Amino acid sequence: MELNLDPSKDDLPLRANTSHMLVRHYVLDLAVHFERKVISGNIVLFFETGKDGDKLCNTVATEPHPQRLSPFKVETPEMSHFPLKGGSAYSAPSDTNDAGVCGGVRREASEAPGCHGDLQPPCEISSSKQDPSDLGDGESADFVLVLDCCDLSVLKVEEVDVASLRGIEELGKGCETAGRSNRVAGCPSSCGVRQLVTLPAESWEKQHDLYLQCSRAPGCGDLIFETDPWSLQVAKKGIKSPRDFPHVLRIWYETRPEGSSVRWTTDQSNRPCVYTMGSPINNRALFPCQEPPVAMSTWQATIKAPPECVVLLSGEEEAQPATDRKAGSCWCWFCYVTMPMPASTFTIAVGHWVEVKGEEAAATEKPAAPVSAAACSSLQFPCHHVDYPCRFQRAAARVQAVIPHRVFAPACLKELAGETLLPLLPPCLSAAHSALGVHPFSRLDVLLVPAGFSSLGMASPHMMFLSQSVLSGKNHLCGARLCHEIAHAWFGLAIGARDWTEEWISEGFATYLEDVFWARAQQLPQEEAEGQRELKAALRWRRLRDELQNSEEELQILRPNRERTGDVSDSGASLVKHGLNPEKIFMQVHYLKGYFLLYFLASKIGDDRFLKFFCQFVQKFHGQLILSQDFLNMLLESFQEIKRDGLTLEAIYRDWLDSAGVPEPLLKKSHSWLQNRLVEEVKEEVAKWIHFSHSHRKGSKRKRGERKEIFKEILPEQLVLLLEVLLEEPGLSVTTLRSLDRTYSLRAQDAEVRHRWCELIIKHKHTAAYRDVEHFLMQDQAMGVYLYGELMVHEDIRQQCVARKCFSLAQEEMDPASRKVVEEMIF
């Protein structure tokens, strides 16, 4: 597959040549520097030869004209006349102490977890260009390793000498070398490393200890390297094939303040903090890595931070601080994972967080709903993923309805988080377990991130980010969002998309399961749960219809690569179509259209049978990457009756995944939601408000004895729908707007309600309430981008002043993507 990368386009390149070499494990040793807004240190990568590595070994020497590498063209990994920088491939080993374990899986109490303080970064590193003639001619080109990398200052790349380590030496004994030399270019064979990365799951503790020892071994030669806007490219002179390329590399680097994988900002208590975004370019501006989803790996990380800070990490155990023996002014925090995951899921958050605790959480915990037979039957299904210590095969995990969890927040939000968020976690976790069974991860940290966070939530292994916007109003928005992010533990993390353009596999599934989990967490009767579900469907239908009317058709397609979905180049590189399009970041089509596809399928099968199928699918595919057809084919095979009714894979592609616009089956279904009892109640209330508005317009005469309208108390979702419908009215009187605010206490409602209230204020130029708009733009930045456009489009000077004033105050803490979009609106 030929992939031409044009930097003016909006496709995100995944450059790593994973077909030739595949990262199996990362060891990160990093320090956080708030004064310079950088993270610095080193990362050690452990490779195995990729699936096409041996094939490349047989062809590389006979390739007559290997292609040259270019920053915007995915090429074959051979290198010819390619000027790389860095030290000589045969430099002396770096000055490091003998390897030792500090921070391993089993550690003594007196040891500082994970502190690699004896390793020092290089002081002087040559940046001279290599003579192209040094790298051989076109008939015998050197192999080039390509890693995804952006906005990093790479200082040095070196091969790591692990041959002297006793554990590696023992693993290497008896390896079949097939006549190959045990030492290549003066460095040890990678045979022991090949054995290390393939140790069985029951030896994971030994494996992680050896990984950690290897990461502290001395270097045995600097490698030549080059960076371009999207990648780091590494070569070793004289090495022609991936099999002979060093299988353990150490890269010294530091991030850049502008790198979009890392957000430097202040929290709501005005204390400095930093957290990783993993979006829109994933973690390539945090560390050099392999970004294609297929490159799933494990990791260990040591993070050094000021002693007054708390470090949260996506690790299987709670990271605990230990004094850095080398630099007493810092603390070290250590984490590890044994479940292979894409590099994009690694998460760090460093700040002056406080843990939210309270007895009320235990007191309000509701009993877990009975676990279904389908959810409990994990042991009946063998795992199909790569070998790792799997929770789905543990009897204790099968009955653990509520996993250990913690909540962290800035000091000023501690009390609010304790009142709103903390009590919701046990029932939401229990509800998810009752629906799908085993929690894929053993614990959960929830962090309330700064106001500039660009969405309502983000899920990572063992960690969840939530916006402060979910805390306002009653608990409906907070509970629903919690359930959405909890659902990502199964769909998005334990099961991921093999092609990132198929975002609906993650977001559509989480949106569908959000309703299932939240209804169970509230312990709603079936009729009430069904009513709320249809009300939410009506709201989402309106939102989807609006997005489809106001977005490019190409961005409305859930499978933009269509029949080429999942294809990669020979090297393993690929493109994420529209991955950098700023408009796509704020769209919800993949959430909503994916949700409605699942809703449609459930209506064909029956909700209970559909959820039981979800359990079976999770048991079969956990720990794996999938494409749409994996889910749909299993569904169609499991329910032959819908195939006989004409529902085929091709029909689903045509109607739902490969076309823009509204799917035909959805148009037919949408009419039924308007008959919902909760929707009918909203219609009645809307009619009252329209009558009220007409009777309070300027110049209208009120009749004596005219009845006073009595407005019913309604649910938050009903209130959202009511305000949306009123937004369609051409004119509402000022008296009506004031009465709406008083009747429903709109300023105290959740962010979804207040967003619609702000739209009404802007549309009707209700100047007395402009402060509500200003407050929303400052405190609910995850949802406020659209309002900037509304303030500017009406060409009202006062409204435009509101927009510019709020932007000038918030721009420093805004997410870069949001800031860019708002700048275009305002200027």
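For the structure itself, consult the block above.
Summary of the structure given here. (Residues numbered from 1 in each chain as written. Predicted model: local features only at pLDDT ≥ 70, side-chain atom pairs only at ≥ 80, totals over all residues. Heavy atoms only, no water.)

### Overview of the pairing of strand β21 (residues 405–409)
The side chains of a regular strand alternate, first on one face of the sheet and then on the other.
Moving on, step 1. Of all the five residues making up β21, four are buried; the element is thus mostly covered by neighbouring parts of the structure.
Moving on, step 2. Note: β21 against strand β22 (residues 444–448), four bridges, orientation parallel. Counterpart to arginine 406 in the pairing with β22 is aspartate 445. (Buried < 20%, exposed > 50% of the residue type's maximum accessible area, 1.4 Å probe, protein only. Helix = DSSP H or I, 4+ residues; strand = E, 2+ residues; numbered from the N terminus. Pairing = 2+ DSSP bridges.)

### A look at the nonpolar core
Moving on, step 1. Core analysis: the largest hydrophobic core is formed by 214 residues, its most contacted members being Phe517 and Leu722.
Moving on, step 2. Ranked by residue count, the leading element in this core is helix α14 (residues 589–605), at twelve residues.
Moving on, step 3. If we skip the residues at most four places from it in the chain, phenylalanine 517 touches Ala431, Ala432, Ala435, Leu436, Cys483, Ile486, Ala487 and Trp490.
Moving on, step 4. In terms of nonpolar packing, the next biggest core, distinct from the first, is built from 20 residues, Leu165, Tyr211, Leu212 and Ala217 among them. (Core = buried A, V, L, I, M, F, W, Y, C linked by side-chain atoms within 4.5 Å. Contact = heavy atoms within 4.5 Å.)

### Here's the deal with the pairing of strand β19 (residues 348–351)
Moving on, step 1. Because side chains alternate across β19, one face comprises the buried residues Ile348 and Val350, and the other comprises Ala349 and Gly351, equally buried.
Moving on, step 2. Here strand β14 (residues 272–276) pairs with β19 via two bridges, running antiparallel. When the sheet's bridge partners are listed, valine 274 is paired in β19 with valine 350.
Moving on, step 3. Pairing of strand β16 (residues 310–313) with β19, which is carried by four bridges, proceeds in the antiparallel orientation.

### Things to note about the sheet that holds β19
Moving on, step 1. Pairing in this open sheet of four strands is antiparallel, and the strands run β13-β14-β19-β16 from one edge to the other. The two strands at the open ends of the sheet, each matched to only one other strand, are β13 (262–266) and β16. Between one strand axis and the next, the sheet turns through 10 degrees on average, direction left out of account. (Axes fitted to C-alpha atoms, helices over the stretch in contact; angles between N-to-C directions.)

### A closer look at the sheet that holds β22
Moving on, step 1. Taken together, the five strands give an open sheet; going across it, the order is β20-β21-β22-β24-β23, and neighbouring strands pair in mixed fashion. Here the strands that pair on one side only, and so sit at the sheet edges, are β20 (354–356) and β23 (457–460). Pairwise comparison of adjacent strand axes, ignoring direction, gives a mean angle of 25 degrees for this sheet.
Moving on, step 2. Where β22 lies against strand β24 (residues 463–466), four bridges are found, and the strand directions are parallel. Residue leucine 447 lies in a different strand from β24, and its bridge partner there is phenylalanine 465.
Moving on, step 3. Contacts from helix α9 (residues 425–436) reach β21 and β22, with the element oriented near 135 degrees to β21.
Moving on, step 4. Here helix α10 (residues 476–487) sits on the sheet in contact with β23 and β24, set at roughly 145 degrees to β24.

### Section: the packing of aromatic side chains
Moving on, step 1. For the structure shown, the criterion picks out 38 aromatic pairs.
Moving on, step 2. Where phenylalanine 610 meets phenylalanine 614, the ring centres are 4.9 Å apart and the plane angle is 75 degrees; that geometry is what we call edge-to-face. Placement of the pair is phenylalanine 610 and phenylalanine 614 together in helix α15 (residues 607–621), with a separation of four residues, close to one helical turn. Summarising the burial analysis for this pair, phenylalanine 610 and phenylalanine 614 share the class buried. (Phe/Tyr/Trp six-rings, centres within 6.5 Å; stacked < 30°, edge-to-face > 60°.)

### Considerations on the pattern of salt bridges
Moving on, step 1. Tallying each qualifying case throughout the model produces 39 salt bridges.
Moving on, step 2. Arginine 559 is the partner of aspartate 658 in a salt bridge, and the nearest nitrogen-oxygen pair spans 2.8 Å. Highlighted residues: aspartate 658 in the loop between α18 (649–657) and α19 (664–673) and arginine 559 in the loop between α12 (526–549) and β26 (574–576), separated in sequence by 99 residues. Neither aspartate 658 nor arginine 559 differs from the other in exposure class; each is buried.
Moving on, step 3. For arginine 654, the salt bridge is made with aspartate 655, and the minimal N-O distance between the two is 3.1 Å. (Salt bridge = Lys/Arg side-chain N within 4 Å of Asp/Glu carboxyl O.)

### Description of the environment of leucine 740
Moving on, step 1. Positionally, leucine 740 belongs in helix α22 (residues 734–744).
Moving on, step 2. According to the relative accessible area criterion, leucine 740 is buried, its value standing at 0%.
Moving on, step 3. Here the alpha-carbon distance between leucine 740 and tryptophan 689, two residues 51 residues apart in the chain, equals 8.5 Å.

### Some points on the environment of serine 460
Moving on, step 1. Tracing the backbone shows serine 460 in strand β23.
Moving on, step 2. Sequence-distant contacts of serine 460, defined by excluding residues within four places in its chain, comprise Thr345, Thr347 and Leu493.

It is worth stressing that arrangement in space is one thing and function is another; only the former is reported here.
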